[in-house]
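For reference, the chains in residue letters:
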Amino acid sequence: MDLDAGDSPWGDVPSRSGTSHISEPSEEHGQSAQSSSLGAARSPVRGARRGHRKISAQATKLEAVDDSVDPLGPLGESSSFDQQAPTPPQKEPLAQRNAPPTSSSRPSTAGLSDSVALEEDGAGIRGPPPVQPPTDAEGQKRQPQPSISVEQAARPTFYITVGDPHKVGDLTSSHIVYQVRTKTTSKAYRQPEFAVGRRYRDFLWLYNSLHNNNPGVVVPPPPEKQAVGRFDTNFVESRRAALERMLNKIAAHPILHHDADLKIFLESESFNLDIKNKENREPDLGQSKGVLSSFGISVGGGGKFVEHDDWFHDRKIYLDALENQLKGLMKAIDTVVAQRKGLAEAAGDFSASLHALASVELSPALSSPLDGLSDLQLRIRELYERQAQQDVLTLGITIDEYIRLIGSVKTAFSQRQKAFHSWHAAESELQKRKHTQEKLLRQGKTQQDRLNQINADVADAERKVHQARLLFEDMGKLMRNELQRFEKEKVEDFKSGVETFLESAVEAQKELIELWETFLLQLDTDVEGNPLYPPAPASETASAPASENPEATMVSPTEQEA
């Protein structure tokens with residue numbers, strides 16, 4: 001700051017004692033030039049008296065006035081607290097090794113220098129920085145977080161079993177009725193646990209209804225129909241297991257478990273009557289219409305559909321290849337099952353032949369082993385039959401289910417194609433009505449009544465085009481999610497199916513080995529008491545020369561000690 005300006009606030013009187021004023025601030029506790037200029041401005045008198053006013057003004061300390069209006073309030077009363085860094089928290093054992101803590105009157109620079117010295121000299125170990133304990137606390141809070149989302153936790157649970165298949169009806173109208181038992185936590189049902197009787201065509205009705213009510217959703221399908229052997233025990237059991245898997249997958253679906261038709265199927269005591277009442281209330285919603293008809297959009301096959309989305313095009317190619325591979329694998333499983341059944345049949349024939357031979361043989365020493373071997377072959381036949389059935393119910397039912405699921409995915413693709421054709425049909429209808437509207441506009445006011453009508457028709461056509469376009473786009477987004485869900489469930493189901501298939505095969509082989517070992521032990525026991533094979537006399541064993549059996553003369557040290 002200029003000294004001339006410091007002597008006079010107006011800067012018009014030159015100062016002659018500038019040297020003395022320069023030396024005074026340096027001797028008086030580091031007084032600043034700004035405080036001297038303010039003191040000069042307050043007193044018009046020059047000389048020593050003015051210097052005395054500077055000293056008295058110094059006692060007020062403008063810094064203290066600034067601290068009193070500090071935005072931190074009471075924390076800003078002392079400048080040392082503003083500048084001093086917070087000391088890090090330290091544990092008790094480590095605090096004894098460190099240097100003694102600094103007092104509050106010590107300047108902040110000394111505390112910083114001590115901490116630096118500790119790091120450089122290695123005399124002690126610094127405590128963790130102040131941000132470390134909150135990080136540990138946050139890590140502990142993250143551990144108990146649930147592994148499922150809130151939506152999954154709030155979703156109702158279903159446990160459905162299909163059992164007790166029994167034949168109902170006479171010779172012309174006979175069919176199998178299954179008992180469907182449901183346990184659920186959903187509040188939409190009257191009771192948490194209930195049971196109803198359903199036949200195969202009821203499951204088929206549920207599948208078609210869910211497809212029509214939810215276009216674009218991959219609905220788990222029921223097993224295929226079979227005209228020949230539909231009352232066979234193995235076929236009924238495999239169909240029961242497939243129907244049970246179908247219902248549990250539908251109930252676990254985030255969209256399908258809300259459907260009203262599923263509630264009717266699982267809960268209704270008068271199922272056929274409820275279906276008729278539903279069809280009477282909604283006559284327009286047939287199996288070939290559904291959601292598109294509810295919007296007033298025509299549903300038709302349309303022309304040839306050309307896929308413009310590469311993602312859907314690649315998925316179609318992938319699904320076709322996967323279907324062919326699964327069908328080939330299904331043929332291989334059928335061959336394995338047929339071979340196991342052939343082995344079971346051969347074991348049964350072998351057992352009958354052995355039993356016949358044992359009955360003809362007069363020697364009881366030979367008849368008993370033959371009878372034992374015959375019984376063993378019967379048990380082996382049962383093992384092969386059971387293993388063949390397990391192959392069907394483990395890996396075979398999974399392969400068959402996904403072949404049918406691919407058909408359900410293709411049905412969803414066809415629904416998307418219908419939505420696309422309906423959208424373009426609505427656009428073509430809109431263009432026709434707009435063309436008619438333009439003709440009426442050129443004719444003038446004479447066609448005012450028809451013009452009002454065509455304007456309403458154009459507005460209605462625009463609404464249908466908008467709805468059809470939104471439905472097509474929403475169906476595409478929904479199908480993307482459905483195919484991702486399909487891929488995830490496919491990996492899990494096939495992994496579980498293969499593991500169960502291998503476990504059953506290992507258990508069957510263990511059981512087969514155990515059967516043969518048990519038979520051999522029994523046979524050895526019978527041979528020891530068989531008079532046809534008497535044991536060698538003790539005299540012959542004792543008189544055997546040592547040269548013929550040199551190992552017999554050798555005695556181990558253990559035997560000598562004994």
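All values derive from a computational prediction rather than experimental measurement. (Residues numbered from 1 in each chain as written. Predicted model: local features only at pLDDT ≥ 70, side-chain atom pairs only at ≥ 80, totals over all residues. Heavy atoms only, no water.)

1. Here we look at the confidence of the model for the protein chain
On average, residues of the protein chain carry a pLDDT of 74, and 62% of them reach 70 or more. Across residues 15–57 the pLDDT falls below 50, and counting only partners more than four positions away or on other chains, this stretch makes 32 contacts in the model. Contacts of residues 75–83 to residues separated by more than four positions or lying in other chains number ten contacts, the stretch itself having pLDDT below 50. (pLDDT = per-residue confidence, 0-100. Contact = heavy atoms within 4.5 Å.)

2. Considerations on empty space enclosed by the protein
Per the stated rule, a full pass over the model turns up two cavities of 30 Å³ or more. What the largest cavity holds in volume is close to 110 Å³. Considering the residues around the largest cavity, the lining is formed by Val218, Pro220, Lys249, His253, Leu405, Glu482, Arg485, Phe486 and Glu489. With four residues, helix H18 (residues 448–528) is the single largest residue contributor to the lining of the largest cavity. Partitioned by chemical class, the residues of the lining of the largest cavity number four nonpolar, one polar and four charged. If you count residues domain by domain, the lining of the largest cavity takes at least three from each of domain 1 (154–281) and domain 2 (307–335 + 358–367 + 386–529). (1 Å grid on protein atoms, 1.4 Å probe; cavity = no way out; pocket = protein on both sides within 12 Å on 5 of 7 lines; lining within 4 Å. Points joined across faces, edges and corners; volume = space filled by probe spheres on them. Helix = DSSP H or I, 4+ residues; strand = E, 2+ residues; numbered from the N terminus. Nonpolar A, V, L, I, M, F, W, Y, C, P; charged D, E, K, R; others polar. Domains from an automatic or database assignment.)

3. Considering the nonpolar core
One finds Leu326, Ile399, Val409, Phe413 and Phe486 to be the most contacted residues of the largest nonpolar core, which totals 39 residues. Looking at this core, the elements with two or more residues in it are helix H16 (310–360), helix H17 (364–443) and H18. Per-element accounting of this core gives the leading share, 16 residues, to H17. Aside from chain neighbours lying at most four places away, what touches Ile399 is Leu326, Leu329, Met330, Ile333 and Phe494. Listed in part, the 29 residues of the second largest apolar core include Val162, Val196, Leu247 and Phe271. (Core = buried A, V, L, I, M, F, W, Y, C linked by side-chain atoms within 4.5 Å. Buried < 20%, exposed > 50% of the residue type's maximum accessible area, 1.4 Å probe, protein only.)

4. Looking at the packing of helix H11 (residues 200–213) against helix H13 (residues 260–267)
In the contact formed by H11 and H13, the axes pass within 9 Å of each other and the chain directions differ by 165°. Relative to H13, the element H11 is oriented roughly antiparallel. By crossing handedness, the relation of H11 to H13 is classed as left-handed. Where H11 approaches H13, its residues Asp202, Phe203, Trp205, Leu206, Ser209 and Asn213 are matched on the opposing element by Asp261, Leu262 and Phe265. Its residues assigned to classes, the contact of H11 with H13 shows five nonpolar, two polar and two charged. (Axes fitted to C-alpha atoms, helices over the stretch in contact; angles between N-to-C directions. Parallel < 35°, antiparallel > 145°, perpendicular 65-115°, else oblique. Left-handed = near helix turned anticlockwise from the far one by under 90°.)

5. Focus: the pattern of salt bridges
Within the structure shown, the criterion is met by 22 salt bridges. With a shortest N-O distance of 2.8 Å, Lys249 and Asp493 are connected by a salt bridge. Residue Lys249 is found in helix H12 (residues 233–252), and its partner Asp493 is found in helix H18; the two are separated by 244 residues along the sequence. The class for Lys249 is buried, based on a relative accessible area of 16%. Between Arg340 and Asp391 there is a salt bridge whose closest N-O contact spans 2.6 Å. (Salt bridge = Lys/Arg side-chain N within 4 Å of Asp/Glu carboxyl O.)

6. Observations regarding the layout of surface pockets
The calculated volume of the largest pocket comes to roughly 600 Å³. Together, 22 residues line the largest pocket, and Gln226, Asn234, Phe235, Ser238 and Val392 are the ones closest to its centre. Contributing elements (two or more residues each) for the lining of the largest pocket: H12, H16 and H17. A total of eight residues in the lining of the largest pocket trace back to one element, the largest contributor, which is H17.

7. What to know about H17
Taking 1.5 Å of rise per residue, 80 residues should cover 118 Å, and H17 covers 116 Å from first to last C-alpha, within 8% of that figure. At Gly396, H17 shows its largest kink, close to 45°. (Expected span 1.5 Å × (residues − 1). Bend = angle between axes of the 7 residues up to and from the residue.)

8. Describing the environment of Val458
With respect to the helices and strands, the residue Val458 is situated in helix H18. Overall, Val458 belongs to the buried group, its relative accessible area being 6%.

9. Observations regarding the pairing of strand S1 (residues 158–168)
As paired elements, S1 and strand S2 (residues 175–184) share nine bridges and run antiparallel to each other. Across the sheet, Tyr159 pairs through a bridge with Lys183, a residue of S2. Two successive antiparallel strands, S1 and S2, enclose a turn made up of six residues, where Gly169 displays a positive phi of approximately 100°. (Pairing = 2+ DSSP bridges.)

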